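Descriptive structure summary
The lines below spell out each chain.
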Amino acid sequence: MDAPLSITTIMSHAEMIAAENKLISRGANGDITRLTYHDAFVRVAKLANALDRLELAPEARVGTLAWNDHRHFELHYAVPCTGRICHTINPKLFTDQVKFIINDAQNEALFIDPEFIPVIEAMQGDLPSVKHWIALCSANNLPQSTLPNLQAYESLLNREQDSYDWPTLDENRASNLCYTSGTTGDPKGVLGSHRSIVLQCMSQNMASQLGLTSEDVVMPLVPMFHVNAWCMPYSAPMAGAALVMPGPQVSDAQAMTDLINQEQVTFSLAVPTLWSGINQFLNATGTRVPSLNRGVIGGAAGALKLYDEMDRHGVRLENGWGMTELSPIGSYNRYLPEHNRLPDAARADQRLKSGRPLFGIQMRIVDEDGNALPHDGVTTGVLEIRGPWACSAYYGKSREHDWFNTGDVATIDSLGYMRITDRVKDVIKSGGEWISSIEIENAIMAHPGVREAVVIGVAHQHWSERPLLVVVPEDSYPSLTPEQLLSFLEGKIPKWWIPNACEFVDTLPHTATGKVSKKMLRENFNRYQWA
Ligand code: AMP
């Protein structure tokens, strides 16, 4: 039968198999809202009626500036299932970028967490396309605001009926829009379709990938403005898994571990920085998280030390690679039986690979002229991908490629395991040879006195560039010296990769999605003088 793959079918499926399963949401004050999927989908129907009442165009781009909570979840269904496009905006970007994104997408309505209303107030005169401003709160909590006719989300819903006649949508219809922050130039929009989202979720849910089941309780720490929380609002209900939405305080490790234990969370997803915060909290307090047995670490490379220490807390982290242009997951690392029999060091090394492609994704590495390179696990090249949920062109731009150039540098081995060695932009080229900053970072993170470490390339008169190691030391190692760290690397990486210097800093700069920003760090060190 020609039945379209649509987000509406995820909703009706979850209503059938998981209506009474829970959707828990933690608010800014730590207050908990307890819904079932059925309750949430009733509210989704009300919201769909409200969107029609606002007379939003059939393909309107509806913007959100919000944390992970039940209201944001509802928008992820009501907007696309009425045919409109759910546009998640990263409120942590620079003001000019937020303004650019809203204008580029021509948002007709903005749904805003009260916390972000001042951000939008400051630019409201420059947002001509926006006709409706909605605060994601109840009427009682509606803040005073200069936004014209700001309405409370709950007041919108209260007026509406609790059923909706969902249309049958073309599966290729656009459903979700997300902009990459872009390290250079303006942010670029990536438009997903109903079909691309459904296929991504089906592939994620395969047992040899993320493999969510109806026994899971899933808590995405990764925000919904970072590629729909890696699709968890769709993948979890599709699998019949419960969802716990952590709200704004995702960096508060105590609050998050309390929530994990209270709701018996089994599976979570986050960038390395957030996992690291949880790990440090567990180490320092002896708190246990017995229900949490698995999690995805992605968005940036995680260090082996973090994997190992989380193992000791009973949480197996699995490396998932992806990008906004892939909505977002492209590969995932699960072991083969023989990997369990490897000696410790080899098994650890295997673990750091970014895994094998999800069904549907093709991968290759190419040289500077676009020639395909061998999959021997050694040769590095630029990673290119193809697939039914890969972006064919950026929003509003014409189609440019058959293979999408990811901007990542990688190896692929004979079993299909891909390993990211760098971003093209972060690659350090010393005397014409590439040095992998990620491998050096991993090696140094094994030192117990290192809390965070980054390696960047700095201009060098003779070698054109040389690696500089920048470290946030652990407080418990007050006498640690840069020289000790550099000698610690000896024998662990090729001799000529050993950084020429090491600098200690108090903190590292992070991007709006919580990754360490090498770009900002390079700017901080752009006048660095080698001793
Ligand atoms: P974004 O679209 O902002 O999520 O950024 C995507 C980029 O993050 C990728 O192209 C990679 O450079 C990086 N990235 C994502 N996942 C991983 C991972 N598991 N390991 C290393 N880098 C990653």
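Quick look at the structure, then.

Turning our attention to the overall build of the protein chain. Counting its regular elements, the protein chain contains 15 helices and 25 strands. For 531 residues, the compact-globule formula gives about 24 Å, and the C-alpha radius of gyration of the protein chain, at 23 Å, lands near that figure. For the protein chain, the spread of C-alpha atoms along the principal axes amounts to about 70 × 50 × 45 Å. Counting all 531 residues of the protein chain, 58% fall into the buried class. A fraction of 66% describes how many contacts in the protein chain between residues 6 or more apart in sequence connect residues 24 or more apart. For the protein chain, the separation between the mean place of its 44 positive charges and that of its 60 negative charges on side chains is 2 Å.

Spatial strand order, 7-6-5-3-4-8-9: seven strands in an open sheet with mixed pairing. The open sheet terminates on both sides in strands that have one partner only, identified here as strand 7 (151–152) and strand 9 (188–193).

What follows deals with the site of the ligand. Of all residues adjacent to the ligand, which total 14 residues, the nearest are Asn-319, Gly-320, Thr-324, Asp-408 and Arg-423. Within the side chain of Asn-319, one N or O atom sits 2.7 Å away from a nitrogen atom of the ligand. Within the side chain of Lys-515, a nitrogen or oxygen atom sits 2.9 Å from an oxygen atom of the ligand. Look at the ligand: alone it shows 500 Å² of surface, and the protein chains cover 87% of it. For the shell around the ligand, the leading source of residues is strand 14 (residues 316–322), giving four residues. Grouping the constituent residues of the shell around the ligand by class yields four nonpolar, seven polar and three charged.

Attention now moves to the packing of helix 1 (residues 7–17) against helix 3 (residues 70–81). As a packed pair, helix 1 and helix 3 sit with axes 9 Å apart at the nearest point and diverge in direction by 125°. In terms of orientation, helix 1 and helix 3 fall into the oblique class. In the packing of helix 1 onto helix 3, the handedness of the crossing is left-handed. Between helix 1 and helix 3, the residues in contact are Ile-7, Thr-8, Ile-10 and Met-11 and His-76, Tyr-77, Pro-80 and Cys-81, respectively. Of the residues belonging to the contact of helix 1 with helix 3, the class tally is six nonpolar, two polar and no charged.

A few words now on empty space enclosed by the protein. Evaluated as defined, the whole model comprises one cavity of 30 Å³ or more. A volume near 30 Å³ is recorded for the largest cavity. Thr-88, Ile-89, Asn-90, Leu-93, Ile-101, Cys-178, Tyr-179 and Phe-225 are the residues that line the largest cavity. Broken down by class, the residue content of the lining of the largest cavity amounts to six nonpolar, two polar and no charged.

What follows covers the sheet that holds strand 15 (residues 329–332). Strand order in this open sheet of nine strands is 2-1-11-10-12-13-14-15-16, and the pairing throughout is mixed. Pairing within the sheet leaves two strands with one partner each, and these edge strands are strand 2 (32–36) and strand 16 (356–357). Pairing of strand 14 with strand 15 involves three bridges; the strand directions are antiparallel. Across the sheet, Gly-320 pairs through a bridge with Tyr-332, a residue of strand 15. Contacts between helix 2 (residues 37–53) and the sheet are confined to strand 1 (22–26), strand 2 and strand 11 (242–245), with strand 2 contributing the most and set at about 90° to the helix.

This part is about helix 7 (residues 194–204). A large share of helix 7 lies buried, amounting to nine of its eleven residues. Burial in helix 7 covers these residues: His-194, Ser-196, Ile-197, Val-198, Leu-199, Gln-200, Cys-201, Ser-203 and Gln-204. Of the surrounding elements, those touching the buried residues of helix 7 are helix 1, helix 3, strand 8 (174–180), strand 9, helix 8 (227–239) and strand 15.

In this section: the layout of surface pockets. In this model, the second largest pocket occupies a volume close to 520 Å³. Around the second largest pocket, the lining is made up of 32 residues, and of these Leu-191, Trp-389, Ala-390, Cys-391 and Ser-392 lie nearest the centre. When contributions to the lining of the second largest pocket are tallied by element, the ones reaching two or more residues are strand 8, strand 9, helix 7, helix 8 and strand 18 (381–386). Among the residues forming the lining of the second largest pocket, the class breakdown is 16 nonpolar, eleven polar and five charged.

Take the state of the cysteines next. As enumerated under the stated definition, the model contains zero disulfides in all. Of all cysteine sulfurs, the one in Cys-231 lies closest to Cys-201, which takes part in no disulfide; the gap is 4.2 Å. Note on Cys-201: relative accessible area 0%, which makes it buried. On the basis of relative accessible area, Cys-231 is assigned to the buried category, the value being 0%.

This part is about the pattern of salt bridges. Counting across every chain of the model gives 25 salt bridges. As a salt-bridge pair, Glu-441 and Lys-518 come within 2.7 Å of each other at their nearest N and O atoms. With a gap of 77 residues between them, Glu-441 in helix 13 (residues 437–445) and Lys-518 in helix 15 (residues 518–524) connect regions that are remote in the sequence. In this pair, the class of Glu-441 matches that of Lys-518, namely buried.

Before going further, it helps to spend a moment on unusual backbone geometry. In this structure, the amide linkage connecting Ser-327 to the following residue, Pro-328, adopts the cis form with an omega of -15°. Position of Pro-328 relative to the elements: it lies in the loop between strand 14 and strand 15. The phi angle at Val-227 is positive, at roughly 50°, despite the residue not being glycine. Looking at where Val-227 falls in the secondary structure, it is placed in helix 8.

Rules behind the numbers
- Starting afresh in each chain, residues are numbered from 1 along the sequence in its written order.
- Under the rules for a predicted model, residues below a pLDDT of 70 receive no local features and side-chain atom pairs below 80 are neither given nor counted, while totals for whole chains, interfaces and linings still include all residues.
- Side-chain measures were taken over the full set of non-hydrogen atoms in the model, leaving aside hydrogen atoms and water.
- The helix count covers DSSP runs of H or I at least four residues long, the strand count covers runs of E at least two residues long, and both are numbered beginning at the N terminus.
- Atoms considered for the radius of gyration are the C-alpha atoms alone. The globule rule reads 2.2 Å times the number of residues to the power 0.38.
- Type-normalised accessible area, obtained with a 1.4 Å probe on protein chains alone, sets the label of each residue: buried when under 20%, exposed when over 50%, and partly exposed for intermediate values.
- In this analysis, two residues are considered to be in contact whenever any of their non-hydrogen atoms come within 4.5 Å of each other.
- His is not counted, nor are the chain ends; Lys and Arg add positive charge and Asp and Glu add negative charge.
- Positions of charges follow a simple convention, taking NZ of Lys, CZ of Arg, CG of Asp or CD of Glu.
- Pairing between strands is defined by DSSP: at least two bridges between the two strands are required.
- Neighbouring residues are identified by heavy atoms, a residue being near a molecule or strand if any of them is within 4 Å of it.
- Here a polar contact is taken to be a pair of N or O atoms separated by no more than 3.5 Å, where protein atoms must pair a possible hydrogen donor with a possible acceptor and residues adjacent in sequence count only if both atoms sit in side chains.
- Surface accessibility in these figures is a Shrake-Rupley result with a 1.4 Å probe; residues are shielded only by whichever protein chains are displayed.
- As a working rule, the residues Ala, Val, Leu, Ile, Met, Phe, Trp, Tyr, Cys and Pro are called nonpolar, Asp, Glu, Lys and Arg charged, and the rest polar, with Gly in that last group.
- Orientation is described by axes fitted as lines to C-alpha atoms, over the contacting stretch for helices, and by angles from 0 to 180 degrees between their N-to-C directions.
- For classification purposes, angles smaller than 35 degrees are called roughly parallel, those larger than 145 roughly antiparallel, those between 65 and 115 roughly perpendicular, and all remaining angles oblique.
- Crossings are sorted by hand: turned counterclockwise from the far helix by less than a right angle, the near helix makes the crossing left-handed, and turned clockwise it makes it right-handed.
- Of the two site types, the cavity is a set of points on a 1 Å grid over the protein atoms alone where a 1.4 Å probe fits but cannot get out, and the pocket is an open set with protein on both sides within 12 Å along at least five of seven lines, each lined by residues with an atom within 4 Å of a point.
- Grid points are joined across faces, edges and corners, and a volume is the space filled by probe spheres set on the points.
- Put simply, a disulfide is two cysteine sulfurs that come within 2.5 Å.
- Any Lys or Arg side-chain nitrogen located within 4 Å of an Asp or Glu carboxyl oxygen qualifies as a salt bridge.

Keep in mind these values describe shape, not function.
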